[in-house]
Amino acid sequence: MEKIKLDIVGLSYSQTQSGAYALVLGESNGKRRLPIIIGGFEAQAIAIELEKMTPSRPLTHDLFKNFAEEFNIHISEVIIYNLVEGIFFSKLICEKEGTEVEIDSRTSDAIALAVRFNCPIYTYEFVLGSAGILLEDDFEGQPEETIPDEPEEQSPKRFTLDELNQQLNTAIENEDYETASKIRDEINRRNSN
């Protein structure tokens, strides 16, 4: 079966499930998108790595990567190989000393590891054909990531730069990386003006 390469194109709050996130993967050479509902912890793990943030202590996926590297195990690719009753099935393709091993994984964990190992993510046509969404031309140019605006009293826009830096340090210490990334974005926006 021919594999189809996917890229991460968005991560947003799920509109359908409370406390969950929608991870959107896009066909590398096409207009189809594959939305996958994942938990908050996995969404945070993916976002931290995509934003190149460094937690004060290793998260579970970082620990796995450190462990694998210590024993010369490399993840060469992730494959979303099946879809059964709305649940995606994935596997890690791992290599050690020329030997390849496939390890079953939840899709959210597999993608959190893929971003850490900088390896490609693939699926098959029947998975993308079943759960993929065709991106219409009308939507091109729209931002991929859609996160609803925060209430004004919680928005980083209302704080001074010093207050934001203090909040950023607190958020990182508390391992609240989602908030930390929003604060960091506001600091970067202000510094670029």
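Residues numbered from 1 in each chain as written. Predicted model: local features only at pLDDT ≥ 70, side-chain atom pairs only at ≥ 80, totals over all residues. Heavy atoms only, no water.

**Some words on the nonpolar core**
General note: in soluble globular proteins, nonpolar side chains tend to be found buried as a group.
Then comes step 1: Among the nonpolar cores identified, the biggest contains 29 residues, and Leu25 and Ile80 are the most heavily contacted of them.
Then comes step 2: Those elements that provide at least two residues to this core are β1 (3-13), β2 (20-27), β3 (32-39), α1 (40-50), β4 (74-84), β5 (87-96), α3 (107-117) and α4 (125-131).
Then comes step 3: A per-element tally of this core places α3 first, with six residues.
Then comes step 4: Excluding its chain neighbours within four sequence positions, the residues that come into contact with leucine 25 are Leu6, Asp7, Ile8, Val9, Arg32, Arg33, Leu34, Ile36, Ile80, Ile111 and Ile121.
Then comes step 5: Formed by five residues, the second largest nonpolar core is a distinct cluster that contains Leu164, Leu168, Ile183 and Ile187. (Core = buried A, V, L, I, M, F, W, Y, C linked by side-chain atoms within 4.5 Å. Buried < 20%, exposed > 50% of the residue type's maximum accessible area, 1.4 Å probe, protein only. Helix = DSSP H or I, 4+ residues; strand = E, 2+ residues; numbered from the N terminus. Contact = heavy atoms within 4.5 Å.)

**Focus on the sheet that holds strand β7 (residues 121-124)**
Then comes step 1: Spatial ordering of the open sheet is given by β6-β5-β4-β7-β1-β2-β3-β8, a layout of eight strands whose pairing is mixed. What marks the edges here is a single partner per strand, and that holds for β6 (99-106) and β8 (133-134).
Then comes step 2: Sheet topology places β1 next to β7; four bridges connect them, and they run antiparallel. Each bridged residue has a counterpart across the sheet, and for leucine 6 the counterpart in β7 is isoleucine 121. (Pairing = 2+ DSSP bridges.)

**Topic: the pairing of β1**
A regular strand places its side chains on the two faces of the sheet in alternate fashion.
Then comes step 1: Bridge count for β1 against β2 is seven bridges, and the pairing is antiparallel. Paired with glycine 10 across the two strands is valine 24, which belongs to β2.

**Things to note about the packing of aromatic side chains**
Then comes step 1: A full pass over the atoms with the stated rule returns four aromatic pairs.
Then comes step 2: Centroid distance phenylalanine 67 to phenylalanine 71: 5.0 Å. Interplanar angle 45 degrees. Geometry classified as tilted.
Then comes step 3: The class for phenylalanine 67 is exposed, based on a relative accessible area of 51%.
Then comes step 4: Of the residues examined, phenylalanine 71 reaches a relative accessible area of 44% and is grouped as partly exposed.
Then comes step 5: A centroid spacing of 6.4 Å and a plane angle of 10 degrees characterise the contact between tyrosine 124 and phenylalanine 126, whose relative ring orientation is stacked.
Then comes step 6: For phenylalanine 126, a relative accessible area of 38% corresponds to the partly exposed category.
Then comes step 7: Residue placement shows lysine 65 over the ring face of phenylalanine 117; its charged tip is 6.0 Å from the ring centre.
Then comes step 8: Over the ring of tyrosine 81 we find lysine 91; its NZ or CZ atom is 5.1 Å from the centre of that ring. (Phe/Tyr/Trp six-rings, centres within 6.5 Å; stacked < 30°, edge-to-face > 60°. Lys NZ or Arg CZ within 6 Å of the ring centre and 35° of its normal.)

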